[in-house]
Amino acid sequence: SIPVEEDKPEDLEDRPPIITVMGHVDHGKTSLLDYIRKAKIADGEAGGITQHIGAYSVDLKGKRLTFLDTPGHEAFTAMRARGAQVTDVAIIIVAADDDVMPQTKEAISHAQAAGVPMVFAINKIDKPGANPDKIKEQLSQMNILIEEWGGKFQSQEISAKHGKNIEELLEKVMLEADLLELKANPNKNAIGTVLESSLDKGKGYVTNMLVEAGTLKVGDIILAGKHTGRVRAMLNEKGQNMKEVLPSRPVSIIGINGAPSAGDKFYVMNDEREARNIATRREQLYREQGLRTQKH
Ligand code: GDP
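Everything numeric here is computed off the predicted structure, so don't read it as measured data.

A few points about the nonpolar core
The tendency in soluble globular proteins is for nonpolar side chains to be buried side by side.
Argument step 1. In terms of nonpolar packing, the biggest core is built from 24 residues, with Leu32, Ile36, Leu65, Phe67, Ile91 and Ile158 touching the most fellow members.
Argument step 2. Of all elements in the fold, only strand 2 (18-23), helix 1 (29-38), strand 3 (55-60), strand 4 (63-68), strand 5 (89-95), strand 6 (118-123) and helix 5 (166-180) reach the threshold of two or more residues within this core.
Argument step 3. By residue number, the principal contributor to this core is helix 5, which donates six residues.
Argument step 4. Residues in contact with Leu32, not counting those within four places in the same chain, are Val21, Ile91, Ile93, Ile158, Ala160, Ile166 and Leu169.

What to know about the site of the ligand
Argument step 1. What surrounds the ligand is a group of 15 residues, the closest being Asp26, Lys29, Thr30, Ser31 and Asp126.
Argument step 2. In isolation the ligand offers 580 Å² of accessible surface; the protein chains occlude 77% of this area.
Argument step 3. The class makeup of the residues in the shell around the ligand is two nonpolar, seven polar and six charged.

Some thoughts on the sheet that holds strand 13 (residues 227-235)
Argument step 1. Pairing within the closed barrel is antiparallel, and its six strands lie in the order 9-10-15-13-12-16. Adjacent strand axes in the sheet meet at a mean angle of 45 degrees, parallel and antiparallel pairs treated alike.
Argument step 2. In this structure, strand 9 (residues 191-200) lies alongside strand 10 (residues 204-213), joined through nine bridges in antiparallel fashion. Within strand 10, the position partnered with Val194 by the bridge is Met209.

Some words on the packing of helix 1 against helix 5
Argument step 1. Packing of helix 1 against helix 5 leaves a shortest axis separation of 11 Å and a crossing angle of 95 degrees. When the axis of helix 1 is compared with that of helix 5, the two are roughly perpendicular. Of helix 5, the residues touching helix 1 (which contributes Leu32, Tyr35 and Ile36) are Ile166, Leu169 and Leu170.
Argument step 2. Considered class by class, the residues forming the contact of helix 1 with helix 5 number six nonpolar, no polar and no charged.

Some details on unusual backbone geometry
Argument step 1. Even without being a glycine, Asn143 presents a positive backbone phi close to 70 degrees.
Argument step 2. Examined against the element boundaries, Asn143 turns out to sit in the loop between helix 4 (132-140) and strand 7 (154-157).
Argument step 3. With relative accessibility at 71%, the residue Asn143 sits in the exposed group.
Argument step 4. Residues other than glycine seldom take positive phi values, yet Glu181 does so here, at roughly 45 degrees.
Argument step 5. The residue Glu181 is located in the loop between helix 5 and strand 8 (183-184) in this model.
Argument step 6. Of the residues examined, Glu181 reaches a relative accessible area of 59% and is grouped as exposed.

Comments concerning the environment of Ser109
Argument step 1. On the secondary structure map, Ser109 appears in helix 3 (residues 102-114).
Argument step 2. According to the relative accessible area criterion, Ser109 is partly exposed, its value standing at 39%.

Structural notes on the packing of aromatic side chains
In this description, a pair of aromatic rings is defined by centroid distance and the angle of the planes.
Argument step 1. On inspection of all chains with the given rule, the structure shows two aromatic pairs.
Argument step 2. Relative to Phe153, the ring of Phe120 lies with its centre 5.9 Å away and its plane at 85 degrees, an arrangement referred to as edge-to-face. Here Phe120 is found in strand 6, whereas its partner Phe153 is found in the loop between helix 4 and strand 7, with 33 residues between them in sequence. There is no split in this pair, since Phe120 and Phe153 are both buried.

Observations regarding the pairing of strand 7
Argument step 1. Sheet topology note: the strand 6/strand 7 ladder contains four bridges and is parallel. The residue bridging Ala121 from the neighbouring strand is Gln156, located in strand 7.
Argument step 2. Read as a crossover between parallel neighbours, the route from strand 6 over helix 4 to strand 7 is right-handed.

Criteria and thresholds
- Residues numbered from 1 in each chain as written.
- Predicted model: local features only at pLDDT ≥ 70, side-chain atom pairs only at ≥ 80, totals over all residues.
- Heavy atoms only, no water.
- Core = buried A, V, L, I, M, F, W, Y, C linked by side-chain atoms within 4.5 Å.
- Buried < 20%, exposed > 50% of the residue type's maximum accessible area, 1.4 Å probe, protein only.
- Helix = DSSP H or I, 4+ residues; strand = E, 2+ residues; numbered from the N terminus.
- Contact = heavy atoms within 4.5 Å.
- Near = heavy atom within 4 Å.
- Areas by Shrake-Rupley, 256 points an atom, 1.4 Å probe, with all protein chains shown as cover.
- Nonpolar A, V, L, I, M, F, W, Y, C, P; charged D, E, K, R; others polar.
- Pairing = 2+ DSSP bridges.
- Axes fitted to C-alpha atoms, helices over the stretch in contact; angles between N-to-C directions.
- Parallel < 35°, antiparallel > 145°, perpendicular 65-115°, else oblique.
- Phe/Tyr/Trp six-rings, centres within 6.5 Å; stacked < 30°, edge-to-face > 60°.
- Right-handed = clockwise from strand over helix to strand, strands pointing away.

Here it is, written out as structure tokens:
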């Protein structure tokens, strides 16, 4: 079994919120994430984000926000069931020239089931056909009452394409995150979640991960799903080499001997042999389960 270190209250430090953008296809998820990634928001330095590593962090007025940046709906759906647990705040984006759609409703129920607070981004307000009030009305029919209408949900009208009101949206997200008083212990072996992994011809297996607690260091022994390895190199979303990575930060690492699945937890282990034993046992278990499902 994996030894998980207990945290003492005095070990806990503030950590950035992890934010997911969810919504119906074509309602503007990618546009919003792209805008935030490229924009030099407030006094931040978001403009330097050059690497896609499954998530990125930006500064908003001296505070850090981490966005999950999972492209494509398949990857997103695959991780969503588990991914919602990685998320602290969900931005639900709805196009104001459309309606609250099935995937919008699905996103809302996902966030609600996971107990993740939601902030509503009513997008495409630049379009002539935009009708934000209609969206608010449709949300209210689902018992989602926004603040403006006396409810508890924050919402912001935006244009992701033109970058309108994005800072206001992020301030509302930050407000929601502040209520959660998010903390993690940075002074222990890192644990976190695999965002995606791939095989690179030159580098070998590249694993993009999100550190949730502890500090990940070069040289650490990692167990991720049924794979293990030692961290040989780490890059952040700006392409910078990292020696240490703190909680709520994404990182791309080299050193794992395979491709763990999106949503797999990773653990830093003290003992390399133990890590390998657990990985081997998991591999056997998966294989047996695979055989059993084939038989039935
Ligand atoms: P996704 O499927 O939710 O990721 O949606 P995209 O970000 O790919 O957006 C779908 C389409 O809507 C694209 O053609 C975008 O350029 C367009 N779009 C997104 N946001 C806005 C906006 O605020 N205003 C306008 N006019 N178009 C937008």
